[in-house]
Amino acid sequence: EAGVAQSPRYKIIEKRQSVAFWCNPISGHATLYWYQQILGQGPKLLIQFQNNGVVDDSQLPKDRFSAERLKGVDSTLKIQPAKLEDSAVYLCASSYGISYTGELFFGEGSRLTVL
Amino acid sequence: AQSVAQPEDQVNVAEGNPLTVKCTYSVSGNPYLFWYVQYPNRGLQFLLKYITGDNLVKGSYGFEAEFNKSQTSFHLKKPSALVSDSALYFCAVRDSVSNFNKFYFGSGTKLNVKP
């Protein structure tokens, strides 16, 4: 079974530039999550999708961050314009569904450095 | 409010000695508890989970964890540490009341196993 795929693995941009990250969850997984992990901290949920609908985006900085999962499969997270404090690893995770009591499956992450 | 606390930023242990990484939680309803491990520049890998049943759960790589409801704890343990166990460990909780499969992560504990 293929795991959660993320790209790019690394990205370096100047502040005020834009960046996009892509995630393809495990086949059949209805729930998709984007987490932000700042160095030395635990993952913080940015947005959670159930199929192509948003379940929770309460911690997404909507003035600069956006995310979509148009066909209920892969997802894109965009930051525009980026700030220095956006430097972090962006982790995508998926699970079978919101009623599933098991674990989340994580991708390898996309490391963003904002200069 | 749901939360997870990992009181130790770092745990140092000699190879061959037992290790414990501590986790306490606060959650509505019965908790679903998880441990993940993160190696440098990698995503989070699932180690083990407690959903219901025996308080002692066994997971990958010889790790186990003990659920203690009265102390609201879920400490990760291993009888004999390996140098290769050196990594960042995260405890996570999902409450059984929420319908949204939302996970809350601790801040992580860095485990250093010295030869």
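Quick caveat, the model's predicted, so the values are computed rather than measured.

Student: When you look at the sheet that holds strand β3 (residues 19–24) of chain A in this model, what are you seeing that I'm missing?
Tutor: Working definition: the strands of a sheet are paired by backbone hydrogen bonds and lie parallel or antiparallel to each other. All names here are of chain A. Taken together, four strands build an open sheet; the order of strands is β1-β3-β8-β7 and the sheet is antiparallel. Edge strands, defined here as strands with exactly one partner in the open sheet, are β1 (5–7) and β7 (65–68). Taken over all neighbouring pairs, the strand axes of this sheet differ in orientation by 15 degrees on average, direction set aside.

Student: I keep staring at the interface of chain A and chain B and nothing clicks. Help me out?
Tutor: Where interface size is quoted, it is often the accessible area lost as the parts come together. Counting from both sides, the interface comprises 28 residues of chain A and, opposite them, 22 residues of chain B. Both sides of the chain A and chain B interface together cover about 1900 Å² of buried area, and 47% of this is carbon and sulfur. On inspection of chain A and its partner chain B, the count reaches three salt bridges. A salt bridge links A:Asp56 to B:Lys102, with the nearest nitrogen and oxygen atoms 2.7 Å apart. Elements supplying a minimum of two residues to the side of chain A that touches chain B: β4 (31–37), β5 (44–50), β6 (53–56) and β9 (88–95) of chain A. Here the side of chain A that touches chain B takes three residues from β4(A), the largest share from any one element. Residues of the side of chain A that touches chain B, tallied by class, amount to 11 nonpolar, 12 polar and five charged.

So, how was this worked out
- Residues numbered from 1 in each chain as written.
- Chains lettered and ligands numbered in written order.
- Predicted model: local features only at pLDDT ≥ 70, side-chain atom pairs only at ≥ 80, totals over all residues.
- Heavy atoms only, no water.
- Pairing = 2+ DSSP bridges.
- Helix = DSSP H or I, 4+ residues; strand = E, 2+ residues; numbered from the N terminus.
- Axes fitted to C-alpha atoms, helices over the stretch in contact; angles between N-to-C directions.
- Contact = heavy atoms within 4.5 Å.
- Buried area = accessible area lost by both parts, 1.4 Å probe.
- Salt bridge = Lys/Arg side-chain N within 4 Å of Asp/Glu carboxyl O.
- Nonpolar A, V, L, I, M, F, W, Y, C, P; charged D, E, K, R; others polar.

Don't take any of this as a statement about function, it's just geometry.
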